[in-house]
2 protein chains.
Amino acid sequence: MTSRADAEHLLVVDDEATVRELLSATLRFAGFRVSSAGTAAEAISAATAEPPDLVLLDVMLPDIDGFEVVRRLREQRTGGRGGPVPVLFLTARDRQADKVTGLSLGADDYVTKPFDLEELIARIRAILRRTGGSYTGEITVGALALDTEGHQVTRDGRPVKVSPTEFRLLRYLMENAGRVVTKAQILDRVWNYDFGGDASIVDTYISYLRRKVDIGEPRLIQTVHGVGYVLREPRQ
Amino acid sequence: MTSRADAEHLLVVDDEATVRELLSATLRFAGFRVSSAGTAAEAISAATAEPPDLVLLDVMLPDIDGFEVVRRLREQRTGGRGGPVPVLFLTARDRQADKVTGLSLGADDYVTKPFDLEELIARIRAILRRTGGSYTGEITVGALALDTEGHQVTRDGRPVKVSPTEFRLLRYLMENAGRVVTKAQILDRVWNYDFGGDASIVDTYISYLRRKVDIGEPRLIQTVHGVGYVLREPRQ
DNA sequence: GCCCCGTACGTCAATCATGCTCATGGCCCG
DNA sequence: CGGGCCATGAGCATGATTGACGTACGGGGC
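Residues numbered from 1 in each chain as written. Chains lettered and ligands numbered in written order. Predicted model: local features only at pLDDT ≥ 70, side-chain atom pairs only at ≥ 80, totals over all residues. Heavy atoms only, no water.

**Q** Looking at this structure, how should I read the overall build of chain A?
**A** Counting secondary structure elements, chain A contains eight helices and twelve strands. With 236 residues in all, chain A has 50% of them scored as buried. Put simply, of all contacts in chain A between residues at least 6 apart along the chain, 57% involve residues at least 24 apart. Here chain A has roughly 11000 Å² of accessible surface; of this, 50% comes from carbon and sulfur atoms. (Helix = DSSP H or I, 4+ residues; strand = E, 2+ residues; numbered from the N terminus. Buried < 20%, exposed > 50% of the residue type's maximum accessible area, 1.4 Å probe, protein only. Contact = heavy atoms within 4.5 Å. Areas by Shrake-Rupley, 256 points an atom, 1.4 Å probe, with all protein chains shown as cover.)

The structure is reproduced here in structure tokens:
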């Protein structure tokens, strides 16, 4: 799944190496191709070398500010698909956010640090979808459909009401349909990274999901004893 | 959705880089192609290079005043569609407004800073519509219809009286029908960008709207717990 | 033209209602 | 027997609603 040649190409720009690496690793795992840069100058040359489909940009950089970077990127129309590169801003939660808030309404979006990685990936996909990428807002497995933009789940076309956590869990399972995911992976991706509780919460939520969305035959959410869970359509 | 080659082309002229970026990002997201300029001289050369369909012009520029810019733009008949370029003036709320009002130059319009972005986009579309664009002034979702030009809302054909803020909120929800929008997004787009208050005001206005326009079945304004709100027609 | 008043609107805070999250623990299956 | 399943309920976060207050605006009287 990682780094296919046709995968979307992201450019991560942040001066903190830790953040940069965390992001790069996560995004690569999520199936993107990722470059990174620690300064504005690096960012611009990287974008010139290989035009990204999306730039993740820390607003506060050591050399010049993020807005200036955006301007320069756009001057060179470095968008991987022809148009201006969309930019997702990374910003601290303080008042800097306000400025960016205004700035970021739309193709440009923003997230405040510390951010939730699932959330981040969702935003990235939303932007790519809007700017002509190949993502559709809908994932389908068997009779189940999940609309990420509308936050709606349907089974055989009928809407099913699910809570936010249930939604995130189901989305994760559907994104990884056919692949077994461990409880640890689920905890990492679906719950906040600072979640302190017990992993058995995953059992509980799997149970909730089964009751709500997996009541018909065939069963889609399957347990792999001692390993984890997998959502798949049994072979026909 | 962004920046198709056939999208309307706007030119943003403002000497404050922040405002310029704010506008550019927002308008790009709204589907326009956008150029920008920080001075009158830049504006004129940009308009010559690629004739815009509409100019957004700050009245107070460092080099020469906005009206002079308009005169020069029109001398060169730089309108993207043949006629004189329509201009949307950006002005402070104080005395400047009167001057612009007095101008009353046909297709032109003005907004006072601080403006809310939804309002701005609506005005832009209104002008483009008048000058030959393709936008219609009406949005419909289910039994609800909203006339962006006449500032009128009807439910099953019967008019509903809504306040200005209620109108902007409903318009935003209708423009994003089927997509969940967070309270933060609503605050960003529906309230002035310098609104400092609490996000709970959104709840309040949702409540107002429901009482006024969402009293029949099926309910169109739905709450997505922990995420935001969405206006949609339930599946049939 | 000026002032006064009433209405409408926007904002905030308090209260109430909802429903979500998560720990616990008993039972069952592999 | 360990791992998984799921019912239960406490505590908490979120949302809905309403009332109160301040202000802007418009109309009418002087």
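Past the structure itself, the notes keep going.
**Q** What am I meant to see in the sheet that holds strand β10 (residues 181–182) of chain A here?
**A** Strands belonging to one sheet form pairs held by backbone hydrogen bonds; the direction of such a pair is parallel or antiparallel. Residue and element names in this part refer to chain A. Strand order across the open sheet formed by three strands is β10-β12-β11, with antiparallel pairing between neighbours. Edge positions in the open sheet fall to β10 and β11 (221–224), since each of these has one partner strand only. Relative to strand β12 (residues 228–231), β11 is paired through four bridges, and the arrangement is antiparallel. For Q222, the partnering residue across the bridge sits in β12 and is V230. Sitting on the sheet, helix α8 (residues 200–213) is in contact with β11 and β12, with an inclination near 150 degrees to β11. (Pairing = 2+ DSSP bridges. Axes fitted to C-alpha atoms, helices over the stretch in contact; angles between N-to-C directions.)

**Q** Help me understand helix α2 (residues 40–49) of chain A in this model?
**A** For an α-helix, the turn length of 3.6 residues means that residues three or four places apart are oriented alike. All names here are of chain A. Along α2, the residues that are buried comprise A40, A43, I44 and A47. The arc enclosing the buried residues of α2, seen along the axis, measures out at 95 degrees, which places them on a common side. Turned more than 90 degrees off the buried face of α2, the exposed positions are A41 and A49. (Arc of directions from axis to C-beta.)

**Q** Sorry, what's going on with the packing of aromatic side chains here?
**A** Given two aromatic rings, one states the distance between the centres and the angle between the planes to describe the pair. Counted according to the given criterion, the structure contains five aromatic pairs over all chains. Their ring planes at 80 degrees and their centres at 4.9 Å tell us that A:Y205 and A:Y208 sit as a pair that is edge-to-face. Placement of the pair is A:Y205 and A:Y208 together in helix α8, with a separation of three residues, close to one helical turn. Owing to a relative accessible area of 17%, A:Y205 belongs among the buried residues under this scheme. Plain terms: the ring middles of B:W191 and B:F195 are 6.3 Å apart, the flat faces sit at 45 degrees to each other, and that makes the pair tilted. The buried category is assigned to B:W191, whose relative accessible area is 8%. Overall, the relative accessible area of 34% leaves B:F195 in the partly exposed class. Following the ring pairs from residue to residue traces out a cluster consisting of B:W191, B:F195, B:Y205 and B:Y208. (Phe/Tyr/Trp six-rings, centres within 6.5 Å; stacked < 30°, edge-to-face > 60°.)

**Q** It is not clear to me how the protein's contact with DNA strand C should be interpreted in this structure. Could you clarify?
**A** Around DNA strand C lies a shell of 25 residues, among which A:S163, A:T165, A:Y208, B:S163 and B:T165 are the nearest. B:S163 is positioned such that a nitrogen or oxygen atom in its side chain is 2.5 Å from a phosphate oxygen of DNA strand C. One of the side-chain N or O atoms of B:Y205 is found 3.0 Å from a phosphate oxygen in DNA strand C. The set of elements that each furnish at least two residues to the surface near DNA strand C consists of α6 (164–175) and α8 of chain A together with α6 (164–175) and α8 (200–213) of chain B. (Near = heavy atom within 4 Å. Polar contact = N/O pair within 3.5 Å; in protein donor to acceptor, adjacent residues only side chain to side chain.)

**Q** So what exactly am I meant to see when it comes to a negative patch on the surface here?
**A** All names here are of chain A. Taken together, D15, E16, E42 and D63 make up a surface patch of like negative charges. Inspection of the secondary structure assignment puts D63 in the loop between β3 (54–58) and α3 (66–75). You can call D63 partly exposed: its relative accessible area is 40%. (Patch = residues over 30% accessible without salt bridge, like charges linked within 9 Å, V, L, I, M, F, W, Y side chains within 5 Å. Salt bridge = Lys/Arg side-chain N within 4 Å of Asp/Glu carboxyl O. Lys, Arg positive; Asp, Glu negative; His and termini not counted. Charge placed at Lys NZ, Arg CZ, Asp CG, Glu CD.)

**Q** I would appreciate a short explanation of the environment of A:L10 in the present structure.
**A** In this structure, A:L10 sits in strand β1 (residues 9–13). Sequence separation between A:L10 and A:A47 is 37 residues, and the spatial gap between their C-alpha atoms is 9.6 Å.

**Q** Mind showing me how you'd approach the side chain of B:N176 here?
**A** Residues and elements named next belong to chain B. Within the element layout of this structure, N176 appears in the loop between α6 and α7 (183–190). By relative accessible area, which is 10% here, N176 ends up buried. A polar contact is formed between the side chain of N176 and the backbone oxygen of Y172, at a distance of 3.0 Å.

**Q** What should I look at first to understand the protein's contact with DNA strand D in this one?
**A** Near DNA strand D, the surroundings consist of 21 residues, among which A:T223, A:Y229, B:R210, B:T223 and B:Y229 are the closest. Contact between DNA strand D and A:R210: a phosphate oxygen at 3.1 Å from a side-chain N or O atom of the residue. Here B:G226 contributes a backbone N or O atom positioned 3.2 Å from a phosphate oxygen of DNA strand D. Where the surface near DNA strand D is concerned, the elements lending two or more residues are α8 of chain A together with α8 of chain B.

**Q** Would you explain the UniProt feature "modified residue: 4-aspartylphosphate" (unreviewed entry) in chain A in this entry?
**A** Mapped onto this numbering, the UniProt entry annotates "modified residue: 4-aspartylphosphate" (unreviewed entry) at A:D58. Position of A:D58 among the secondary structure elements: in strand β3. (UniProt positions renumbered as here; feature names shortened; annotations may be inferred.)

**Q** Sorry if this is basic, but what is going on with unusual backbone geometry here?
**A** Most peptide bonds are trans, and most residues other than glycine sit at a negative phi. With a phi close to 50 degrees, A:H151 is a non-glycine residue in the positive phi region. Note on placement: A:H151 falls in the loop between β7 (144–147) and β8 (152–155).

**Q** Looking at this model, I keep getting lost on the packing of α6(B) against α7(B). Mind explaining?
**A** The description of two helices packed together rests on the angle between their axes and the distance between the axes. All names here are of chain B. Orientation of α6 relative to α7, taken along the N-to-C sense of each, is 125 degrees, at an axis distance of 10 Å. Judged by the angle between their axes, α6 and α7 are oblique. Two packed elements cross with a definite hand, and for α6 against α7 that hand is right-handed. Contacts between α6 and α7 involve T165, R168, L169 and Y172 on the former and, on the latter, Q185, I186, R189 and V190. Looking at the contact of α6 with α7, its residues break down into four nonpolar, two polar and two charged. (Parallel < 35°, antiparallel > 145°, perpendicular 65-115°, else oblique. Left-handed = near helix turned anticlockwise from the far one by under 90°. Nonpolar A, V, L, I, M, F, W, Y, C, P; charged D, E, K, R; others polar.)

**Q** Explain the sheet that holds strand β9 (residues 158–160) of chain B to me, please; I cannot follow it from the model alone.
**A** All names here are of chain B. With antiparallel pairing, the four strands of this open sheet are ordered in space as β6-β7-β8-β9. Looking at the sheet topology across the chains shown, the edges are occupied by β6 (138–141) and β9. Each strand of the sheet is rotated relative to its neighbour by a mean of 25 degrees, with strand direction disregarded. Contacts from α6 reach β6, β7 (144–147) and β8 (152–155), with the element oriented near 115 degrees to β7. Across the sheet, α8 lies against β7, β8 and β9, angled at about 55 degrees from β8, the strand it touches most.

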